[in-house]
Amino acid sequence: MALDKQILTILADVGYKGIGVRQLSMHVYNLNCTLFSQPDFFEIYSYVKSYLLRNSKNDSSLIERTDRRGYYRLNTQNNADACRLMLEFSNQSTLSDKEEKTEETQTDLSLSLFD
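Since the structure is predicted, the reported quantities are computational estimates derived from the model, not experimental observations.

**Q** Explanation requested: the packing of aromatic side chains in the structure shown.
**A** Any aromatic ring pair is given by two values, namely how distant the centres are and how the planes are angled relative to each other. Inspection of every chain in the model, using the stated rule, returns four aromatic pairs. Residues Phe41 and Phe42 carry aromatic rings whose centres are separated by 5.7 Å and whose planes lie at 70° to one another, so their mutual orientation is edge-to-face. Assessed through its relative accessible area of 59%, Phe42 is described here as exposed. Among the aromatic residues, those joined into a cluster by ring pairs are Tyr29, Phe41, Phe42 and Tyr45. For Arg68, the ring lying beneath its charged end belongs to Tyr71, and the centroid distance is 4.0 Å. Its end group placed over the ring of Tyr16, Arg73 keeps NZ or CZ at 4.2 Å from the ring centre.

**Q** I'm lost on the nonpolar core in this one. Help?
**A** Across soluble globular proteins, nonpolar side chains show a tendency to be buried alongside one another. If you look at the biggest cluster of nonpolar residues, it comprises 20 residues, and the most contacted ones within it are Ile7, Leu11, Leu24, Val48, Leu52, Ile63 and Leu74. Counting residues per element, the ones that place at least two in this core are α1 (2-14), α2 (21-32), α3 (41-54) and β3 (71-74). Leaving out residues up to four positions away in the same chain, Leu11 has contacts with Ile19, Leu24, Leu52, Ile63, Tyr72, Arg73 and Leu74.

**Q** Whenever I open this one, the pairing of β3 confuses me. Can you help?
**A** One face of the sheet, then the other: side chains in a regular strand alternate in exactly this way. On β3, burial covers both faces: Tyr71 and Arg73 on one face and Tyr72 and Leu74 on the other are all buried. As judged from the two bridges shared by strand β1 (residues 19-20) and β3, these two strands associate in the antiparallel manner. Note on β3: the bridge partner recorded for Gly20 is Tyr71. Note that strand β2 (residues 63-65) and β3 share three bridges and pair antiparallel.

Reading guide: rules and limits
Residues numbered from 1 in each chain as written. Predicted model: local features only at pLDDT ≥ 70, side-chain atom pairs only at ≥ 80, totals over all residues. Heavy atoms only, no water. Phe/Tyr/Trp six-rings, centres within 6.5 Å; stacked < 30°, edge-to-face > 60°. Buried < 20%, exposed > 50% of the residue type's maximum accessible area, 1.4 Å probe, protein only. Lys NZ or Arg CZ within 6 Å of the ring centre and 35° of its normal. Core = buried A, V, L, I, M, F, W, Y, C linked by side-chain atoms within 4.5 Å. Helix = DSSP H or I, 4+ residues; strand = E, 2+ residues; numbered from the N terminus. Contact = heavy atoms within 4.5 Å. Pairing = 2+ DSSP bridges.

Structure below.
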């Protein structure tokens with residue numbers, strides 16, 4: 001379930017141009033690598049590939065193939081859920097940008113040890 005959300009997040013970030021299966025797998029792999037555990041890349045690749053094939057069969061599916069071979073994107077024209085996902089992920093990114101800006105504007109009021 002977590003991998004599904006990561007795949008959809010990456011596809012929403014990519015937008016209309018789409019992304020290749022291998023590149024998408026690398027992004028998901030990098031999101032799941034930690035200092036203490038590293039998942040098997042080929043397992044993630046096969047999961048991403050099967051997820052994309054499973055969710056891109058119909059014209060009204062959540063994911064659609066692009067004109068390029070092996071590239072996928074969210075189906076925003078024929079699927080209302082994909083449009084909603086694009087809006088949700090774009091709202092989350094604008095909220096995180098606002099939070100970063102507010103953190104940057106705060107001044108450091110701590111005392112200096114070397115004065």
